[in-house]
Amino acid sequence: MIFESNSPEETFKIARQLGKQAKPGEIYCLSGELGVGKTVFSQGFASGLGIAEDINSPTFTILQTYESGKMPLYHFDVYRLGDAGEMEEIGYDDYFFGEGVCLIEWAELILEILPADRKNVRIEKALNKSYDYRKITVT
């Protein structure tokens, strides 16, 4: 699926719709350069799960858990990991195969531990269209 967004608000709405459709055990892997809107996407996705808490990228904590929605959201940001082995220390498999949904920013850094059955979300800018334009590809 390919979505086009012309504003952060539209990106939020697209992600919220995906969050509404999410099922327990699913893993969403977010990729895109810095400043492309992964945090806005995460906020919209959480909103779709019914989570009203503030959602921020867990860059320094690696993992943030939200349990106030229709199912738990396990929000990872693995940008600062040295290698995928550090995910063992977090006990990632409890989250990957748990009752909630995982949203992983910078997932391309831990490809070797990701299950094949996952949803990849690529967010790209196209400055030739506009500063706020984003192409969101979900595979």
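Keep in mind it's a predicted model, so treat the numbers as computed, not measured.

## What about the environment of Phe-96?
Here comes step 1: Positionally, Phe-96 belongs in helix H4 (residues 92–96).
Here comes step 2: Taking relative accessible area as the criterion, Phe-96 reaches 2% and is therefore assigned buried.
Here comes step 3: Separated by 22 residues in the primary sequence, Phe-96 and Tyr-74 have C-alpha atoms spaced 8.6 Å apart.
Here comes step 4: Setting aside residues up to four positions removed in sequence, Phe-96 forms contacts with Gly-25, Ile-27, Phe-76, Met-87, Cys-102, Ile-104, Ile-110, Ile-113, Leu-114 and Pro-115.

## Focus: the environment of Tyr-79
Here comes step 1: By the element assignment, Tyr-79 lies in the loop between strand S4 (73–77) and helix H3 (86–90).
Here comes step 2: Residues Tyr-79 and Asn-120, spaced 41 residues apart in sequence, show a C-alpha to C-alpha distance of 16 Å.

## Here we look at the side chain of Ser-42
Here comes step 1: Structurally, Ser-42 can be placed in helix H2 (residues 38–48).
Here comes step 2: Those residues in contact with Ser-42 that sit more than four places away from it in its chain are Leu-30, Ile-55, His-75, Leu-103 and Glu-105.

## Some words on the environment of Ser-68
Here comes step 1: Relative to the helices and strands, Ser-68 is located in the loop between strand S3 (63–66) and S4.
Here comes step 2: Once the C-alpha coordinates of Ser-68 and Ala-52 are considered, the two residues, 16 residues apart in sequence, prove to be 7.5 Å apart.
Here comes step 3: With residues near it in sequence (within four places) discarded, Ser-68 still touches Gly-50, Ile-51, Ala-52 and Glu-53.
Here comes step 4: A distance of 2.9 Å separates the side chain of Ser-68 from the side chain of Glu-53, its partner in a polar contact.

The rules behind these values
Residues numbered from 1 in each chain as written. Predicted model: local features only at pLDDT ≥ 70, side-chain atom pairs only at ≥ 80, totals over all residues. Heavy atoms only, no water. Helix = DSSP H or I, 4+ residues; strand = E, 2+ residues; numbered from the N terminus. Buried < 20%, exposed > 50% of the residue type's maximum accessible area, 1.4 Å probe, protein only. Contact = heavy atoms within 4.5 Å. Polar contact = N/O pair within 3.5 Å; in protein donor to acceptor, adjacent residues only side chain to side chain.

Spatial relationships are all this shows, so hold off on functional conclusions.
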